[in-house]
Amino acid sequence: MKVLVIGGGAREHALCRSLSLDPDVTALYCAPGNAGIAEVAELHPVDALDGAAVARLAGELGAGLVVVGPEAPLVAGVADAVRAAGIPCFGPSKEAALLEGSKAFAKDVMASANVPTARSYVCTTPEEIDTALDAFGAPFVVKDDGLAAGKGVVVTDDLQAAREHALACDRVVIEEFLDGPEVSLFAITDGVTVLPLQPAQDFKRALDGDEGPNTGGMGAYSPLPWADPKLVDEVMATVLQPTVDELRRRGTPFSGLLYAGLAITSRGVRVIEFNARFGDPETQVVLARLKTPLASVLLNSANGTLDVEPPLTWRDDAAVTVVIASHNYPGTPRTGDPIEGLDEVAAQDAPHAYVLHAGTRREGDAVVSAGGRVLSVTATGKDLTQARERAYTAVSRIRLDGSQYRTDIAEKAASGA
């Protein structure tokens, strides 16, 4: 089949890489893509938020499947426009994508489905904000109700900082702090059948030791050697299947990728948030471990036939990804800096380590930075220790002026701490 992927980040590069290795994929397109994706897919310009333009491009290319990567096009209804044109699309409807587009909507769905999550208040006035902050106390967890590209959440002991963030949002969710390690678990669903992927852990803070500001994610690893072997089954039974069932009951079935951000608390598993698409950078490590060819799974989700899909198969390898970010990320990142060393990684570290592009573009013969998170250096190994070594060896070959990365991705998990 011919596949069109919408988006231009490292998540889309990871999807395109997996799809390019799938023998069922006869042609692969990406719009708008980036400098790295151009090596595995044919790029086309498109406004990713314009559903009519995306549907038109898919029709012109003869695509048999469209995969919408980022959240903003899903919340804008791009998947609906593609389906209305008669083309199978992997990604939820505009109504179902509200699960990510509105924290308040997600809380309402969880309450109806008896899904365990943090106690919370939805606030729209300064008085409501002050009441909620006072009720929960520090550490304060303040979430912009709408989309904020992974940077709408503030967790702080500083009451003033929490209040300022809350007041800057039109509508805000303030909730109790959840203790314990965090886990990301993806599931592919067609609105009825739910197929869980392998869990991963990502690193949100900018600096080593989980210091610094929240980011879109600075690295990830999978598997999680410290996690309960029954974790996936438990989350399927208490979170994923009930949520999918509740959305179907409401007449807004969720088809696509359901992402549960979880806290493993002293009182059990709790949902921190839902996303309506593959997470970044967790996708990079999860797909590195997936053995099952990807295209048929995504097509069966789009067509409502996921029940015919055999159980997914996984490599025993561990995977680690390290994000290289530009100068001043996550503030106002500097762009336009040349990136060197990509050829060295390809020549010396493949196939165990490779570079997935996030914010890059080509200028003549050079690849330059074009965003905050620039590259996801991904590696596999027999265990996390080997995968880490390979990832950081590859990272050391990359030269990007002023760039930054964390040196402790998967360090504790690899050491058994």
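Summary of the structure given here. (Residues numbered from 1 in each chain as written. Predicted model: local features only at pLDDT ≥ 70, side-chain atom pairs only at ≥ 80, totals over all residues. Heavy atoms only, no water.)

**Remarks on the side chain of T156**
Quick reminder of the rule: Helix numbers and strand numbers start at the N terminus; a helix is a DSSP run of H or I with at least 4 residues, a strand a run of E with at least 2. Polar contacts, as used here, are pairs of N or O atoms within 3.5 Å; protein pairs need one atom able to donate a hydrogen and one able to accept it. Residues neighboring in sequence count only if both atoms are side-chain atoms. Note on contacts: a residue pair is in contact if any heavy atoms of the two residues lie within 4.5 Å.
With respect to the helices, strands and loops of the structure, T156 is situated in strand β8 (residues 153-156). A distance of 2.9 Å separates a polar side-chain atom of T156 from the backbone nitrogen of D158. Excluding anything up to four places from it in sequence, T156 contacts P139, F140, A161 and A162.

**Section: the packing of helix α7 (residues 126-136) against helix α8 (residues 159-167)**
The packing of two helices is summarised by the inter-axis angle and the distance between the axes. Short version of the rule: An axis is simply a line fitted to the C-alpha atoms; with a helix, the fit covers only the stretch in contact. Between two such axes, the angle follows the N-to-C directions and lies from 0 to 180 degrees. Crossings are sorted by hand: turned counterclockwise from the far helix by less than a right angle, the near helix makes the crossing left-handed, and turned clockwise it makes it right-handed. For this classification, the nonpolar set comprises Ala, Val, Leu, Ile, Met, Phe, Trp, Tyr, Cys and Pro, the charged set comprises Asp, Glu, Lys and Arg, and every other residue, Gly included, is treated as polar.
One can describe the packing of α7 onto α8 by two numbers: an axis separation of 10 Å at closest approach and a directional angle of 145°. Crossing hand, α7 versus α8: right-handed. Contacts from P126, I129, D130 and L133 of α7 reach α8 at L159, A162, R163, A166 and L167. For the contact of α7 with α8, the class distribution of residues is seven nonpolar, no polar and two charged.

**Here's the deal with the pattern of salt bridges**
For the record, the criterion: By convention in these notes, a salt bridge is any Lys or Arg side-chain nitrogen within 4 Å of a carboxyl oxygen on Asp or Glu. Think of it in three bands: with a 1.4 Å probe and only protein chains considered, a residue is buried below 20% of the maximum accessible area for its type, exposed above 50%, and partly exposed in between.
The full count for this structure, using the stated rule, is 24 salt bridges. Between R11 and E12 there is a salt bridge, and its shortest N-O distance comes to 2.7 Å. Each member of the pair, R11 as well as E12, carries the same accessibility label: buried. Of the charged contacts in the structure, one is a salt bridge between E71 and R277, with a shortest N-O distance of 3.3 Å. Of the two residues, E71 is situated in helix α3 (residues 71-75) and R277 in the loop between β17 (268-275) and α10 (282-289); the sequence distance between them amounts to 206 residues. Like R277, E71 is buried. Sharing partners across several salt bridges, the network here consists of R11, E12, E71, E100 and R277.

**Some details on the environment of E411**
Looking at the secondary structure, you find E411 in helix α14 (residues 411-415). Placed 27 residues apart in sequence, E411 and L384 show a C-alpha to C-alpha distance of 8.4 Å.

**Here we look at helix α1 (residues 10-20)**
Within α1, nine of the eleven residues are buried, leaving the element largely enclosed by the surrounding structure. Among the residues of α1, those classed as buried are A10, R11, E12, H13, A14, L15, C16, S18 and L19.

**Comments concerning the environment of N275**
For N275, the position within the fold is in strand β17. Taking the C-alpha atoms as reference points, N275 and A97, 178 residues apart in sequence, are found 8.0 Å from one another. If sequence neighbours within four positions are ignored, N275 has contacts with E100, L257, L258 and Y259.

**Describing the packing of aromatic side chains**
Think of a pair of aromatic rings as described by two things: how far the centres are apart, and how the planes are tilted against each other in angle. We apply this condition: Here a Phe, Tyr or Trp ring, Trp counted by its six-membered ring, pairs with any other such ring whose centre lies within 6.5 Å, and the pair is stacked when the planes are under 30 degrees apart, edge-to-face when over 60, and tilted otherwise. Geometrically, a lysine NZ or arginine CZ counts as sitting over a ring once it is within 6 Å of the ring centre and also within 35 degrees of the ring normal.
Taken as a whole, this structure holds six aromatic pairs when the rule is applied. Look at F203 and Y221: their rings are 6.0 Å apart centre to centre, the planes differ by 45°, and that puts the pair in the tilted class. Within this pair, whereas F203 is found in the loop between β12 (201-202) and β13 (205-207), its partner Y221 is found in strand β15 (residues 219-222), the two being separated by 18 residues in sequence. Across this residue pair, the class does not change: F203 and Y221 are buried. Taken together, the aromatic side chains of F90, F186, Y259 and F278 make up a single cluster linked through ring pairs. The aromatic ring of Y354 is capped on one face by R17, whose charged end is 3.7 Å from the ring centroid.

Spatial relationships are all this shows, so hold off on functional conclusions.
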